[in-house]
Amino acid sequence: MSARYLPQSFFPRYALAMALGAAGGLSGAKDVPLPQPLKASHVPAITREALDKARPVIATHAMVVSAQHYATQAGVEILKQGGNAIDAAVAVGFAEAVVHPCCGNIGGGGFMTIHLASGENLFLNFREKAPAKATPGMFLDAHGEVVPNRSTDSYLGVGVPGTVMGLNTALAKYGKLTLKQVIAPAIKLASEGYVLQQGDVNILNDSVEDFAKHPNVAAIFLNHGKPFVAGERLVQKNLAHTLEQIANGGSDAFYKGAIARAVVAASNANGGILSLRDFADYTAQWEEPIRCEYHGHTIISAPPPSSGGTTLCEIAQIIAPYPFAQWGYGSVEAVHTFAEAERRAFADRNTYLGDPAFVRNPIEQLLSSAHAAKLRATILPDKATPSAQITGNLGATEGDHTTHYSVIDSHGNAVAVTYTINFLFGTRQIAGDTGFFLNDEMDDFTSKPGVANAAGLVQGKVNQVEPGKRPLSSMTPTIVLRDGKPFLLTGSPGDATIISTTLQSIINIIDFGMNVQQAVNAPRMHQQWYPDEVWIEDGMLTPDARRRLEAMGYKFTKVHAMGADEAILIDPKTGRREGANDRRRPAGLAAGY
Ligand code: DON
């Protein structure tokens, strides 16, 4: 990375913050039971020395970064076979369904942001849809109260999966290789199995009790009834068979063939409402991506039914005039201004956004400079604004059970994908012998306006359940352009914190001068309107900064690990690809050639 991106003036500021933060800056921060995919011990806080030394993986031609090393290697293999970034992204998508089963999937849905070497920016929406029999009150009891776990642990929580249609749609339009070629690594990994690393086992271990509840799940994800340990091989013959059917029959095998029949049969047998028609009617859609400018860069990101791009751009527009580069990472001024901008943008997110096929999203107003100026004028220089004083309705708390990956090829085609089955391992249920976990994405809808969903999100009526509607998402696969060329590929898991993680990676690089590995490794913060508190990872604040912010009215809540940005930066001068696997996913890998 050139010196331009690592200004010397940056180092003393953040190094001091890290040193003091590591020395106990967050002692006394309250631990809350937020959904946590990884136990604290799995993700140690980063030290100042480690952050100082963090450097990306460098490649001349192409780069793939994902949360699982076999999936990354599948992508690199496809690029080396002559595939482009879209071919490799599809290969990684299918491979992660095998080797990162908590999050990578064919039973869920997601979004793909693409920048073609020709200069075109594209966005593919393969978010799950509500079944035709879904109703606004389906998660309520006879008294109108939300039934605990109905939207997360039962077949009623399953939205019609979009991943297979999404990956195949992207491949058919922009790929160079055949489906059989790009799905081959996934089939091999499933049928021959792969050796688990400690990072894989950590994630599996979080759900062993759930695996034991269903014999067809236990038969695959427990080793003769016991948790897998590192070094053992996980073989998934059923999933290999399902992937082979897709390889031979394309999307029809999934949406109109034996796979749809197996899922619908399991749904019928377990109180669900999925029908064969729901599968046959599923569509993935090309949409116009959200676009905004930030400090000389163009951000291309996710439009509704994701709230991600809109909210990220709204925050970016509010903070743009402030001197973040001068203030520095972890400074009182930067943390205060970022938190206040987030508080206001999340109030808008939770009030106004939903599936555009069903509700009007006032994107132009939310992203107008007049709106940003109006909100900026309400930020007090020396005081936190209580969330109750911000107009809008509702609020959120969230976790980390999705996955993001990035690919760039030697031509400059760039792909950023975030996809999910919502919770870790989705519903934790597999339909019959299909071998893949089903999503619980219906929980992203508003079960009842004003009542939190299982992830803590409290949303409004625009996001209520309706047949065929897609639930509002926070997934934010983003490509940042400089002079029209890809500069940064970024995104993350983590529900609403996805938006904060993604934007912090951007400003860590553009404003604070970090290299891409430092940018994704650096401790993060998040404010989402409600709850009226700032979530923070260890090491972000010095004790002094924290005291000063508390005196301004801030309440901090410690979270162990926020997000996982699998990012790529392209050096604008040399064109070299710099890959950064997030330290919070130890089984992940950046690799290129
Ligand atoms: O689409 C969304 O915003 C969520 N379903 C993503 C889920 C996630 O990041 C991890 N969740 N706990």
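Here goes a summary of the coordinates provided. Bear in mind the structure is a predicted one, so any value in this text is a computation, not a measurement. (Residues numbered from 1 in each chain as written. Predicted model: local features only at pLDDT ≥ 70, side-chain atom pairs only at ≥ 80, totals over all residues. Heavy atoms only, no water.)

### Here's the deal with helix H4 (residues 85–99)
1) Next: With 15 residues, H4 ought to run about 21 Å at 1.5 Å a step, and its terminal C-alpha atoms sit 20 Å apart, in line with that.
2) Next: Of all 15 residues in H4, 15 are buried; the element is thus mostly enclosed.
3) Next: The backbone nitrogen of Ile86 has a side-chain oxygen 3.0 Å away, supplied by the residue at the start of H4, namely Asn84. (Helix = DSSP H or I, 4+ residues; strand = E, 2+ residues; numbered from the N terminus. Expected span 1.5 Å × (residues − 1). Buried < 20%, exposed > 50% of the residue type's maximum accessible area, 1.4 Å probe, protein only. Polar contact = N/O pair within 3.5 Å; in protein donor to acceptor, adjacent residues only side chain to side chain.)

### Points about the site of the ligand
1) Next: Around the ligand sit 16 residues, and of these Thr402, Glu441, Asp444, Ser473 and Asp495 come closest.
2) Next: In this structure, Ser473 approaches the ligand through a side-chain N or O atom, which is 2.7 Å from an oxygen atom.
3) Next: The separation between a nitrogen atom of the ligand and a polar side-chain atom of Asp495 is 2.6 Å.
4) Next: Isolated, the ligand exposes 340 Å² of accessible area, and the fraction of that covered by the protein chains is 99%.
5) Next: Here the shell around the ligand is composed, by residue class, of 3 nonpolar, 8 polar and 5 charged. (Near = heavy atom within 4 Å. Areas by Shrake-Rupley, 256 points an atom, 1.4 Å probe, with all protein chains shown as cover. Nonpolar A, V, L, I, M, F, W, Y, C, P; charged D, E, K, R; others polar.)

### Digging into the pattern of salt bridges
1) Next: The tally for this structure, following the rule as stated, stands at 23 salt bridges.
2) Next: Residues Arg344 and Glu340 are paired through a salt bridge, measuring 2.8 Å at the closest nitrogen-oxygen approach. One end of the pair, Arg344, and the other, Glu340, are both in helix H16 (residues 332–352), 4 residues apart, so they sit about a helical turn from each other. The two residues Arg344 and Glu340 agree in class, both being buried.
3) Next: A salt bridge links Glu466 to Lys469; the nearest nitrogen and oxygen atoms lie 3.2 Å apart. (Salt bridge = Lys/Arg side-chain N within 4 Å of Asp/Glu carboxyl O.)

### A closer look at the pairing of strand S19 (residues 577–580)
1) Next: Every second residue of S19 is oriented toward a common face, with Arg577 and Gly579 on one face and Glu578 and Ala580 on the other, all of them buried.
2) Next: In this structure, strand S2 (residues 57–59) lies alongside S19, joined through 3 bridges in antiparallel fashion. The partner of Ile58 across the bridge, within S19, is Glu578.
3) Next: Relative to S19, strand S18 (residues 567–570) is paired through 4 bridges, and the arrangement is antiparallel. Each bridged residue has a counterpart across the sheet, and for Leu569 the counterpart in S19 is Glu578.
4) Next: Adjacent in sequence and paired antiparallel, S18 and S19 are bridged by 6 residues, among which Gly575 carries a positive phi angle near 80 degrees. (Pairing = 2+ DSSP bridges.)

### A few points about the state of the cysteines
1) Next: For the structure on display, the rule yields 2 disulfides.
2) Next: Between Cys102 and Cys103 runs a disulfide, and the two sulfur atoms are separated by 2.3 Å. Measuring handedness by torsion sign, the sulfur bridge of Cys102 and Cys103 sits at about -100 degrees and is left-handed. For the pair shown, Cys102 and Cys103 are each scored as buried. (Disulfide = S-S within 2.5 Å.)

### A closer look at helix H6 (residues 163–174)
1) Next: The first and last C-alpha atoms of H6 sit 16 Å apart over 12 residues, in line with the 16 Å expected at 1.5 Å per residue.
2) Next: Among the 12 residues of H6, 9 are classified as buried, and the element is accordingly described as predominantly covered.
3) Next: For H6, the full list of buried residues reads Thr163, Val164, Met165, Gly166, Leu167, Asn168, Ala170, Leu171 and Tyr174.

### Side note on the packing of helix H3 (residues 69–80) against helix H7 (residues 179–192)
1) Next: With their axes 10 Å apart at the nearest point, H3 and H7 run at an angle of 150 degrees to one another. The orientation of H3 relative to H7 falls into the category roughly antiparallel. Seen along the crossing, H3 lies across H7 with a hand that is right-handed. Of the residues in H7, those touching H3 at Tyr70, Ala74, Glu77 and Ile78 are Gln181, Val182, Pro185 and Leu189.
2) Next: Tallied by class, the residues present in the contact of H3 with H7 amount to 6 nonpolar, 1 polar and 1 charged. (Axes fitted to C-alpha atoms, helices over the stretch in contact; angles between N-to-C directions. Parallel < 35°, antiparallel > 145°, perpendicular 65-115°, else oblique. Left-handed = near helix turned anticlockwise from the far one by under 90°. Contact = heavy atoms within 4.5 Å.)

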